[in-house]
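Structure at a glance
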Amino acid sequence: MVNYRVTVILKLLERNWLPGEVPPLEKIQGAGMVRPEDVRRLGDFLKERLERVASMIELLQERGFCCRGTRKAVILEGSDLEAYQVKDLLEEHGFAPCEYEIKLEYTRRWGIM
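Described in the following lines is the structure provided in the data block.

1. Some thoughts on the environment of Tyr84
Along the chain, Tyr84 falls in helix α2 (residues 83–92). When its relative accessible area of 53% is taken as the criterion, Tyr84 is described as exposed. In the structure, Tyr84 is positioned 11 residues away from Phe95 in sequence and 14 Å away in space, judged by C-alpha atoms.

This is the structure:
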């Protein structure tokens, strides 16, 4: 018999950036000159990001996932859905794969596979 646990990692202050994208926080950290529009852009990004994280948490908690927080992320764990079902669910609700990470762990009765 094989059991599985799906872990979804939602980073709070960032997401997986596409090639060529510059994260808004990098424009401020270590910059010689910080422009007001850079700070506003970061604020807009964080507001949108945190709202999307909250929406993903609600969606997965409705499906039986447990949630806990770390310093930089929210971790959701569940075993009612497989990883591909979680991915399909999130995509159906408009979330892109760059917004989350999914990890799948299988365990056998006699140990980790």
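2. Thoughts on the environment of Arg71
Note on placement: Arg71 falls in the loop between β2 (66–69) and β3 (73–78). Owing to a relative accessible area of 78%, Arg71 belongs among the exposed residues under this scheme. Sequence spacing of Arg71 and Lys11 is 60 residues, and the spatial spacing of their C-alpha atoms is 9.5 Å.

3. Topic: the state of the cysteines
In total, this model carries zero disulfides according to the counting rule given. Take Cys66: it sits in no disulfide, and the sulfur closest to it among the cysteines is that of Cys67, at 8.8 Å. When its relative accessible area of 35% is taken as the criterion, Cys67 is described as partly exposed.

4. Here's the deal with the pattern of salt bridges
Tallied over the full model, the rule gives 11 salt bridges. Note that Arg52 is salt-bridged to Glu99, the shortest N-O span being 2.5 Å. Taken together, the positions of Arg52 in helix α1 (residues 36–61) and Glu99 in the loop between α2 and β4 (101–108) put the pair 47 residues apart, joining distant regions of the chain. A relative accessible area of 8% means that Glu99 is categorised as buried.

Quick notes on the rules
- Residues numbered from 1 in each chain as written.
- Predicted model: local features only at pLDDT ≥ 70, side-chain atom pairs only at ≥ 80, totals over all residues.
- Heavy atoms only, no water.
- Helix = DSSP H or I, 4+ residues; strand = E, 2+ residues; numbered from the N terminus.
- Buried < 20%, exposed > 50% of the residue type's maximum accessible area, 1.4 Å probe, protein only.
- Disulfide = S-S within 2.5 Å.
- Salt bridge = Lys/Arg side-chain N within 4 Å of Asp/Glu carboxyl O.

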